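# Structural overview for review
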Amino acid sequence: TVVLGEITEQQKIDYTLVLKGMIGLSKAIFPYGTKGCHLDILARKPLWENGMNYGHGTGHGVGHFLNVHEGPFAIRQEYNENMIEPGMVMSNEPAFYREGQYGIRTENMMVCVEVEKTAYGQFLGFETLSLCPIDTRLIKTELMTGDEISWLNLYHKQVNDTLKPLLDERLQDFIDELTKEI
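Every value quoted in this text rests on a predicted model; they were computed, and no experiment measured them.

Of regular secondary structure, the protein chain possesses four helices and eight strands. Expected size for 182 residues packed as a compact globule is a radius of gyration near 16 Å; at 17 Å, the protein chain falls within 12% of this value. Its C-alpha atoms give the protein chain principal-axis dimensions of about 45 × 40 × 35 Å. For the protein chain, the residues scored as buried account for 43% of the 182 residues in total. Within the protein chain, counting contacts between residues at least 6 apart in sequence, those at least 24 apart form 59% of the total. Of the charged side chains in the protein chain, 16 are positive and 26 negative, and the gap between their average positions amounts to 3 Å.

Spelled out as structure tokens, the structure:
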């Protein structure tokens, strides 16, 4: 989501809640054997805490057949027997829609990776693959935790470090502005 006009306070609140959900799922650490329905709450929690929801899944597989929604798993409220495994590439796309007004979706692609093995088993997490600046003009920072702000700043540093050397010199100040710390 990128803003194209005047920004209302309600839009900032809605956008920030969706972003908090995307960050929550991005930061997930979970035991091997976890299914998508077990993680879906991480993306919806900020919205649910404010009496809000969206009517679609949060994430789906992206694979070698280039299907839009490639299984076998999904991150959604409905049960799916397939667990998330290392190497699976998926979307992370919480959203919110105000009928007749606007829609918000903050989406990244991520891959499941092994994080650590402990006495309690193998733990997995996600590595973000998409490198696109998140529009900070829509963020209501007082709704975010320090952890969420740190995640966003680190993400933007990665976006800048990766993309800036690939850009024409006349666009380098622009990427710096889009990825500056909040």
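Back to the text.
Turning our attention to the packing of helix α1 (residues 9-26) against helix α3 (residues 146-163). At a closest axis distance of 10 Å, the pairing of α1 and α3 adopts a crossing angle of 80°. Comparing their axes, α3 and α1 come out roughly perpendicular. Residues Leu19, Lys20, Met22, Ile23 and Ser26 of α1 lie in contact with α3, whose contacting residues are Glu148, Trp151 and Leu152. Across the contact of α1 with α3, the residue classes tally to five nonpolar, one polar and two charged.

So, about the layout of surface pockets. Considered as a void within the structure, the largest pocket measures approximately 330 Å³ in volume. If you go around the largest pocket, you meet 18 residues; those closest to its centre are Thr1, Val2, Pro133, Ile134 and Asp135. Mapped by element, the contributors of at least two residues to the lining of the largest pocket are α1 and α4 (172-178). Classifying every residue of the lining of the largest pocket by side-chain character gives eight nonpolar, four polar and six charged.

Moving on, we come to the side chain of Asp40. Secondary-structure assignment places Asp40 in helix α2 (residues 36-48). The residues touching Asp40, leaving out its near neighbours within four places in the chain, are Tyr54, Thr58, Ile75, Arg76 and Gln77.

Turning our eyes to something else, we now look at the pattern of salt bridges. In the structure shown here, the tally under the stated rule is 14 salt bridges. In this structure, the salt-bridge partner of Asp161 is Lys157, at a minimum N-O distance of 2.6 Å. Linking Asp161 with Lys157, this pair stays in helix α3, spanning four residues, or about one helical turn. Asp161 sits in the partly exposed class, given a relative accessible area of 46%. The salt bridge involving Arg170 is made with Asp168; its shortest N-O contact spans 3.4 Å. Overlapping salt bridges, with partners in common, bring together Glu9, Lys140 and Glu142 in one network.

Here α1 spans 26 Å end to end across 18 residues, near enough to the 26 Å set by a 1.5 Å rise per residue. A large share of α1 lies buried, amounting to 13 of its 18 residues.

A separate point is the nonpolar core. Within the largest apolar cluster, 37 residues are counted, with the highest numbers of intra-cluster contacts made by Leu19, Phe30, Ile84, Met90, Phe126 and Ile134. For this core, the secondary structure elements donating two or more residues are α1, α2, β3 (70-75), β6 (102-105), β7 (108-118), β8 (121-128) and α3. Looking at this core element by element, the count peaks at seven residues for α1. Those residues in contact with Met90, other than ones at most four positions away along the chain, are His60, Gly61, Val62, Phe73, Ile75, Ile84, Asn108, Met109, Met110, Cys112 and Phe126.

Here the structure, examined in full by the defined rule, presents two aromatic pairs. Look at Phe30 and Phe126: their rings are 5.2 Å apart centre to centre, the planes differ by 45°, and that puts the pair in the tilted class. You can see Phe30 sitting in strand β1 (residues 29-31) and its partner Phe126 sitting in strand β8, a full 96 residues away along the chain. Centre to centre, the rings of Trp151 and Tyr155 are 5.2 Å apart; their planes meet at 5°, and the pair counts as stacked.

Rules behind the numbers
Residues numbered from 1 in each chain as written. Predicted model: local features only at pLDDT ≥ 70, side-chain atom pairs only at ≥ 80, totals over all residues. Heavy atoms only, no water. Helix = DSSP H or I, 4+ residues; strand = E, 2+ residues; numbered from the N terminus. Rg over C-alpha atoms; globule rule 2.2 N^0.38 Å. Buried < 20%, exposed > 50% of the residue type's maximum accessible area, 1.4 Å probe, protein only. Contact = heavy atoms within 4.5 Å. Lys, Arg positive; Asp, Glu negative; His and termini not counted. Charge placed at Lys NZ, Arg CZ, Asp CG, Glu CD. Axes fitted to C-alpha atoms, helices over the stretch in contact; angles between N-to-C directions. Parallel < 35°, antiparallel > 145°, perpendicular 65-115°, else oblique. Nonpolar A, V, L, I, M, F, W, Y, C, P; charged D, E, K, R; others polar. 1 Å grid on protein atoms, 1.4 Å probe; cavity = no way out; pocket = protein on both sides within 12 Å on 5 of 7 lines; lining within 4 Å. Points joined across faces, edges and corners; volume = space filled by probe spheres on them. Salt bridge = Lys/Arg side-chain N within 4 Å of Asp/Glu carboxyl O. Expected span 1.5 Å × (residues − 1). Core = buried A, V, L, I, M, F, W, Y, C linked by side-chain atoms within 4.5 Å. Phe/Tyr/Trp six-rings, centres within 6.5 Å; stacked < 30°, edge-to-face > 60°.

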